Amino acid sequence: MKKTIILFASLLLIYSCDNEVDIISPVIDPSNFLAQTTPLPNSSKLVIEGVYDVLDGKDLLGDQVVVKWNRDRLSIFSGNNGGYLVLDGGYLDSVIFFIGYWRYATNTETGVASFYIPSDEGGVEIILGDTTATTIRFVGDYGVGNGLADRTLVLKFNRDFSQAVKQSEFDILAHRGGGRNSDYLGVSENSIEMINIAERFGSTGIEIDARLSKDGVPFLYHDSDINLRLCQKSLIWGQIEDFTWAQLRTLLTLRNGEKIPSLREALEFVLEETLLSVVWLDTKDVDVVNASIALLTEINDRAITMGRDLKIYLGIPAQDIFDAFAAYPGHQQIPSLVELTIDQVRQVDADIWAPRWTQGTQNSEVQQMHAEGRLAFCWTLDETSYIEEFINEGEFDGILTNYPTIVSYYHYIQQ
Amino acid sequence: MKIKKILLALILYSFTAFGQVTDKPYTLTTEVGLGYSRYITTLDYDDLNKNGFSGTFRIMWNPEYLLSIGLETGYQYLYSIEMTNVDTEFGTSDFSASMVSVPIFLAIAMRVLPNLKIIAGSGMYLLYNNGSAFGDALESNQVSIGAHGGIAYTYPLNNLISIGGELQYSYYSKIQDQNISLQFVFIYQLLEW
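About the criteria used
Residues numbered from 1 in each chain as written. Chains lettered and ligands numbered in written order. Predicted model: local features only at pLDDT ≥ 70, side-chain atom pairs only at ≥ 80, totals over all residues. Helix = DSSP H or I, 4+ residues; strand = E, 2+ residues; numbered from the N terminus. Buried ≥ 20, exposed ≤ 12 C-beta atoms within 10 Å, placed from the backbone. Contact = placed C-beta atoms within 7 Å. Rg over C-alpha atoms; globule rule 2.2 N^0.38 Å. Pairing = 2+ DSSP bridges. Axes fitted to C-alpha atoms, helices over the stretch in contact; angles between N-to-C directions. Left-handed = near helix turned anticlockwise from the far one by under 90°. Nonpolar A, V, L, I, M, F, W, Y, C, P; charged D, E, K, R; others polar. Core = buried A, V, L, I, M, F, W, Y, C linked by C-beta atoms within 7 Å. Domains from an automatic or database assignment. Right-handed = clockwise from strand over helix to strand, strands pointing away. Parallel < 35°, antiparallel > 145°, perpendicular 65-115°, else oblique. Arc of directions from axis to C-beta.

Caption draft 1: Highlighting the overall build of chain B. Along its length, chain B carries one helix and eight strands. Order of helices (α) and strands (β) in chain B, N terminus to C terminus: α-β-β-β-β-β-β-β-β. Each of the 193 residues in chain B was classed as buried or not, and the buried ones make up 32%. Within chain B, counting contacts between residues at least 6 apart in sequence, those at least 24 apart form 56% of the total.

Caption draft 2: Geometry of the overall build of chain A. A count of helices and strands for chain A gives 14 helices and 17 strands. Computed over the C-alpha atoms, the radius of gyration of chain A is 23 Å, within 12% of the 22 Å expected from 2.2 N^0.38 for a compact globule of 415 residues. For the C-alpha atoms alone, the extent of chain A along its principal axes is close to 65 × 60 × 45 Å. The buried share of chain A, reckoned over its 415 residues, is 47%. Expressed as a percentage of contacts within chain A between residues at least 6 apart in sequence, the contacts between residues at least 24 apart total 56%.

Caption draft 3: Seen up close, the sheet that holds strand E1 (residues 27–40) of chain B. All names here are of chain B. Spatially, E1-E2-E3-E4-E5-E6-E7-E8 is the arrangement adopted by the eight strands of the closed barrel, whose pairing is antiparallel. For this sheet, the mean inter-axis angle between neighbouring strands, taken without regard to orientation, is 25 degrees. In this sheet, strand E5 (residues 116–133) lies alongside strand E4 (residues 91–113) in antiparallel orientation, the contact comprising 18 bridges. Among the inter-strand pairings, Ile108 is bridged to a residue of E5, identified as Ala120.

Caption draft 4: Spotlight on unusual backbone geometry. Residue and element names in this part refer to chain A. One non-glycine residue with positive phi stands out, namely Asp29, at about 50 degrees. Its location among the elements puts Asp29 in the loop between helix H1 (2–15) and helix H2 (42–48). Residue Asp29 is classed as partly exposed on the basis of its 14 C-beta neighbours within 10 Å. Notably, Tyr184 is not glycine yet its phi reads approximately 55 degrees, a positive angle.

Caption draft 5: Looking closely at the packing of helix H13 (residues 384–393) of chain A against helix H14 (residues 404–412) of chain A. Residue and element names in this part refer to chain A. Interhelical geometry of H13 versus H14 gives an angle of 40 degrees and a closest axis separation of 9 Å. Between H13 and H14 lies a crossing whose hand is right-handed. Only Ile406, Val407, Tyr410 and His411 of H14 make contact with H13, whose side of the interface consists of Thr384, Ile387, Glu388 and Ile391. When the residues that make up the contact of H13 with H14 are grouped by side-chain class, the tally is five nonpolar, two polar and one charged.

Caption draft 6: Expanded view of H14 of chain A. The buried fraction of H14 of chain A amounts to eight of the nine residues, a majority that puts the element mostly inside the structure. For H14 of chain A, the set of buried residues is Pro404, Thr405, Ile406, Val407, Ser408, Tyr409, His411 and Tyr412 of chain A.

Caption draft 7: Spotlight on the interface of chain B and chain A. Opposite the 26 residues of chain B that make contact, chain A presents 22 residues. Sorting the residues of the side of chain B that touches chain A by element identifies strand E3 (67–88), E4, E5 and strand E6 (136–156) of chain B as the ones contributing at least two each. With eight residues, the top contributor of residues to the side of chain B that touches chain A is E6 of chain B. Grouping the constituent residues of the side of chain B that touches chain A by class yields 13 nonpolar, 10 polar and three charged.

Caption draft 8: Inspection of the nonpolar core at higher detail. Core analysis: the biggest nonpolar cluster contains 141 residues, and Val279, Phe377, Cys378 and Ile399 of chain A have the highest contact counts within it. Looking at this core, you find at least three residues from each of domain 1 (33–160) and domain 2 (166–412) of chain A. Residue contacts for Ile399 of chain A: discarding those within four places in its chain leaves Ile172, Leu173, Phe377, Cys378, Leu381, Ile387, Phe390 and Val407 of chain A. Within the second largest apolar cluster, nine residues are counted, among which are Ala107, Ala152, Val185 and Ile187 of chain B.

Caption draft 9: Representation of the pairing of strand E16 (residues 375–378) of chain A. All names here are of chain A. Along E16, one buried face is formed by Leu375 and Phe377 and the opposite face, lined by Ala376 and Cys378, is buried too. Relative to E16, strand E15 (residues 352–353) is paired through two bridges, and the arrangement is parallel. Paired with Trp353 across the strands is Ala376, a residue of E16. In this fold, the crossover linking E15 to E16 by way of helix H12 (residues 363–371) has right-handed handedness. Sheet analysis places E16 next to strand E17 (residues 398–401), joined by two bridges and oriented parallel. Residue pairing for E17: Cys378 is matched across the bridge by Ile399. Crossover E16 to E17 through H13 is right-handed.

Caption draft 10: Seen up close, the sheet that holds strand E2 (residues 64–70) of chain A. Residues and elements named next belong to chain A. Reading around the barrel, the eight strands line up as E1-E2-E3-E4-E5-E6-E7-E8 and close back on themselves, with antiparallel pairing between neighbours. Along the sheet, successive strands turn relative to each other by an average axial angle of 30 degrees, direction set aside. Pairing between strand E6 (residues 110–117) and strand E7 (residues 137–142): four bridges, direction antiparallel. Bridged to Ala113 within E7 is Tyr142. Contacts from H14 reach E2, strand E3 (73–78) and strand E4 (83–92), with the element oriented near 110 degrees to E2.

Caption draft 11: Examining the packing of helix H8 (residues 263–273) of chain A against helix H9 (residues 289–306) of chain A more closely. Residues and elements named next belong to chain A. Two elements in contact, H8 and H9, have axes whose closest approach is 11 Å; the angle formed by their N-to-C orientations is 20 degrees. When the axes of H8 and H9 are compared, the pair comes out roughly parallel. Considering how the two elements wind past one another, H8 and H9 form a crossing that is right-handed. Contact residues: Leu263, Arg264, Leu267, Glu268 and Leu271 in H8; Ser292, Leu295, Leu296, Ile299, Arg302 and Ala303 in H9. Its residues assigned to classes, the contact of H8 with H9 shows seven nonpolar, one polar and three charged.

Caption draft 12: Geometry of H13 of chain A. Residue and element names in this part refer to chain A. Within H13, the full set of buried residues consists of Ile387, Phe390 and Ile391. Projected down its long axis, H13 carries its buried residues within an arc of 95 degrees, all on one side. More than 90 degrees from the buried face of H13, the exposed residues found are Ser385, Asn392 and Glu393. Residues of H13 that are buried sit in contact with E16, E17 and H14.

Caption draft 13: Focus on the pairing of E2 of chain A. Residue and element names in this part refer to chain A. The buried fraction of E2 is high, at five of seven residues. Bridge count between strand E1 (residues 50–56) and E2: four bridges; the pairing is antiparallel. In the sheet register, Val51 faces E2, and the bridge partner there is Val66. Taken together, E2 and the strand that follows it, E3, pair antiparallel across an intervening segment of two residues, in which Arg71 is found at a positive phi of about 60 degrees.

Written as structure tokens, this is what we have:
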């Protein structure tokens, strides 16, 4: 009897584990004020970047923040709970305005934020693209939840990024296209919409997951089955690879309402619409290897033709996929990333070795890879203290993470 | 706290109130239920048919106490839909889809009145998805943990056979939907010892 009661209690516990988190989406720029401003030219954007002291608002952001443009948004990264801001901006007369939101990466706290840079505290110089401007001051407010922006936030330029950072080719790789569904970013993992916002979190590259439909079309999806973690309720259930591409595309909707993307759509979007420079194409099943190789080869060639700094690597996470890749004719010419041993990296002449972060910084092995002209990434590092340690003491060329905002902070703040 | 007290009272009651001491206190019964099933879902399709057939098959061990334990399987219709001439990015297509479930459960029943018992079960549902779209079959299956609870009224026709009715609520964890079924129940005593 006791065992039966325990069994039922355990099952009830399992059923109650599906906690729906209702995260607030702050209303940004409700009066469409930014439409009256002029977008900043690219020369002005670089002037703003750097490390800033937090004069007011330390409760939210800590003592220092990193200010960095990422394609179309200004991002601010802090070391406090992985806090970050994503801001859209423009100038009116000689005052620069920013409106957006803040968010803690490690929990669901968020709110609106708005700033301006006064004309006599950097506004004029920034608009003119004056790179000697060092008196930049952001003056603004932030709110909590759907509340008004009624708390003061003031940032003052401290220094430019260090030469080491400027010369670094360190890659910040966002997991599942930019973040997981469990990070509540408002868009679904492995979707075009997620890839579109990945750079706002400081990502220079993304990791995406590829599977193959029943009729041979590679598409983005992580799990082996249709489930409510990734999808909305639909008429089809079961193993994802049991369905044709047309069936998946038409009958399945991702968690936040997006259509499931084909691998081609995703890679073409990266190529044509973003500035991302690395794609880690994680093959979830051995069946998708050949189709992925054909597609990444085509897109890599197009990137070269366009003069685009982009490289797509075939991720090899398991032995069966390794064997399939090793058997592929001319595999040595295909950009690849091996998560297995160093010897296997050498065996297929992979470009990148990617061990799990829990194995430590492994500087000696990373140096061996560097000596052989290869790169080394580690995955999937989310712990703030280890992110700091790996950046300051490790020699990896990139970190795959669910929290690119935290990696960005510790990378750009390096002296 | 109140629920805890009620549960405790029911358990104590089961060991005392109707305890029967006979020469052959143990019986093994087989129970067959057939009836109507109604799927409860947030799936939003106008043409979704949520009414169908359900069947239950149980083998229960009944000791001298009021609690019985056994194994259960069966069939539950969940939904079906047919749509014609649907415009999609791949052209116009007819769709059909349906899903049924087969439980494989550990079931527990407790007699709360001489002819009335409550039944609960938990285990896994095998979910079978079928249909067609774009000229290709939809065919897949999935496992979901699940549970059901219900109440049954049975009337003994003789020492071996009882008949009655059972109302049952089922929950499917994987798809987070529910089902209610109303079944005619036939119970036959296979063994006693």
